[in-house]
Amino acid sequence: MPRTWLIGCCLTAAVGLFIFPLSIVPAEAPVPAVKLIEYGWDTPRPEFVRTHIAEMERRPFDGVIIRLPDGGGDVFQPKSWNAEKFEPQIPILRDIQWQSFDSNFLAMYATSSMDWYDDDDWRVVTEHAAFMARAAREGHCKGLMFDPEPYAGPSPWNYSGQLHASVHAFADYEVVVRRRGREFMRALQREYSGLDLLTLHSYSFFLRAGASPDINTREKVLAGHPWGLLPAFLNGMLEEADANTRITDGREQSYFFERPEDFARGAAEVRRGAIPYVSSELRAKYAGQFQTAQSVYLDWIFGYYKASRPNVTDGLSDEQRALLAEHHAYYAMKNADRYVWSYSEKMNWWTGEHLPSGAEHALRSARRKFAAGESLGFELTAILPQPAR
C-alpha cells in the first residue's frame, strides 16, 4: 500500500535488433512497494513488448511506459483516428505475457490543435481518451501516463494563444477548460474503472519559479503563465475522479535534484505547497486522491546531458556517476508514494545501446536497499570530488 500523507492541517495555512548484454540477471526479490518505471526515448511499442517481454523483465524495473505507434497517444488532436490502424494494437497489448512487470502505462501526449470551445473537437478528444483507457485496460496496464507538455503545435495551456482570448477572459477559459477536464476523466473512467493516471506535470509545476502565491493573486499569476490553463484542466479531472481513481504528480522537476533534502522538499511541494493552485472545494479530495512520484534523470547523472550551471555531476568518474544514480534512485523511492520513473534520452534499456556501465547495478542496489528498509550506506559527500586545499 502507498504511504499515507496527511495534509489536512495545512489546508487552511497553505490554502528492430534486440541485444541484451550477458551481464543481465533476473530482478531480485523482494519487490519494493514503490515501483520503479522506465521511460524515455526508448519507449517501446506494443508489438516490441509482446515479442521481448521476457528479456525486458530482466531489467531492474517494475514496469514500463509504452507508446502506441503513429501518433496514437496524441489525444488532444481533433482528427478522428483510423480504426484500421489503431484497433489492432489492442489484441497485441492483450497478448503481452506480463510476469514481474506489474506497473505498466500507456502514454498520452498533449500535442494539440483543438479548440477548447469546440464541442466537435472535444467529442473526438474524448473518443481518443476512451480508446486509450480501453487499450490500457485490455493490455492489463496499471493505467495511463499523461505528459501535458506540448511538443508541437499551439499550446493548449497558454491563455494568450487561445483562439478566443480576445473575446473570452481568462476566468471564462478556466470554466470551459475545467469542464473539458471532467469530460476527459469521464471518458477514461467509462472504459477503465480504477485506473492510475500518472501525469508528468501537475499543480506543483507552478512552484518552479518560487513559492506558491497568495490565493488572491492566483488568477493573475496563471493568466500570464504559459501553462496557466493546466490547473483548470486538473481541477476538472480531479472533480470527476471516482474514489478508486488515483492521480499521481510525476514531479518532472526532480530531474535535477542533487541532495536528499531536495527529494523531500519536492514531495512536500506536491503534498502541501501546491495546494493554492487546487480549487478550494477540491482540496480535501486532492489530499485523498493525489500522490507524489519522483523522477531520476539518468542522462544528466551519467554525463549525456550537460546542464548550463555548475552541479553535482561535474567532474565525476564513471564509478562516481553510478553511485550518484544509486543515491538518487534511493532517495526518490524514499520520498515517493507509489512510483519513481527513470528517464533517459541517449540510452536504450531494451537494446543495451549506450547503456552506461554501472547504471543497472545502481538501480538494482537502490531498489534492494529500499525494499529491505536499509540505509543507503554512503553519503553524497563520499561521491563528490573534494575541493583542493
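Here's what I pulled together on the structure shown here. Quick caveat, the model's predicted, so the values are computed rather than measured. (Residues numbered from 1 in each chain as written. Predicted model: local features only at pLDDT ≥ 70, side-chain atom pairs only at ≥ 80, totals over all residues. Heavy atoms only, no water.)

Comments concerning the nonpolar core
F76, W116 and F184 are the most contacted members of the largest nonpolar core, which has 121 residues in total. When sequence neighbours within four positions are dropped, the list of residues in contact with W116 reads F76, W122, P156, W157, Q162, Y173, V176, V177, R180, L229 and F233. (Core = buried A, V, L, I, M, F, W, Y, C linked by side-chain atoms within 4.5 Å. Buried < 20%, exposed > 50% of the residue type's maximum accessible area, 1.4 Å probe, protein only. Contact = heavy atoms within 4.5 Å.)

Quick look at the layout of surface pockets
Taken as a whole, the largest pocket holds about 260 Å³ of empty space. Forming the boundary of the largest pocket are 16 residues, of which Y39, W41, Y109, Y151 and Y343 lie nearest the centre. (1 Å grid on protein atoms, 1.4 Å probe; cavity = no way out; pocket = protein on both sides within 12 Å on 5 of 7 lines; lining within 4 Å. Points joined across faces, edges and corners; volume = space filled by probe spheres on them.)

What about the sheet that holds strand 7 (residues 290-292)?
Pairing is parallel in the open sheet, where nine strands are placed in the order 7-6-5-4-3-2-1-9-8. Looking at which strands have only one partner, the edges of the open sheet turn out to be strand 7 and strand 8 (294-297). Pairwise comparison of adjacent strand axes, ignoring direction, gives a mean angle of 30° for this sheet. Note: strand 5 (residues 196-199) against strand 6 (residues 246-249), four bridges, orientation parallel. When the bridges of strand 6 are listed, T199 appears paired with D249. (Pairing = 2+ DSSP bridges. Helix = DSSP H or I, 4+ residues; strand = E, 2+ residues; numbered from the N terminus. Axes fitted to C-alpha atoms, helices over the stretch in contact; angles between N-to-C directions.)

Here's the deal with helix 11 (residues 318-334)
Taking 1.5 Å of rise per residue, the 17 residues of helix 11 would be expected to cover 24 Å, and the 24 Å separating its terminal C-alpha atoms lies within 8% of that figure. The buried count for helix 11 comes to twelve of 17 residues, which makes it a mostly enclosed element. Those residues of helix 11 lying buried are R321, A322, L324, A325, E326, H327, H328, A329, Y330, Y331, A332 and M333. Check the buried side of helix 11 and you find it contacts helix 8 (260-273), strand 8, helix 10 (298-301), strand 9 (339-344) and helix 12 (359-371). (Expected span 1.5 Å × (residues − 1).)

Details of unusual backbone geometry
In most cases, non-glycine residues show a negative phi, while peptide bonds are predominantly trans. The residue D70 is not glycine, and still its phi comes out positive at about 60°. Residue placement: D70 occurs in the loop between strand 2 (63-66) and helix 2 (83-86). Residue classification places D70 among the exposed residues on the basis of a relative accessible area of 55%. Not every positive phi belongs to a glycine, and R251 is a case in point at roughly 50°. Examined against the element boundaries, R251 turns out to sit in the loop between strand 6 and helix 8. Overall, the relative accessible area of 2% leaves R251 in the buried class.

Brief notes about the pattern of salt bridges
Evaluation of the coordinates by the stated rule reveals 25 salt bridges. Salt-bridge contacts for R137 lead to E191; the nearest nitrogen and oxygen are separated by 3.5 Å. Pair noted here: R137 is in helix 4 (residues 119-138) and E191 is in helix 5 (residues 170-191), with a separation of 54 residues, a long-range link. With a closest N to O distance of 2.7 Å, E326 and K369 form a salt bridge. Remark: K369 occurs in helix 12 and E326 occurs in helix 11; sequence separation between them is 43 residues. For the pair shown, E326 and K369 are each scored as buried. Overlapping salt bridges, with partners in common, bring together D119, R179, R180 and E183 in one network. (Salt bridge = Lys/Arg side-chain N within 4 Å of Asp/Glu carboxyl O.)

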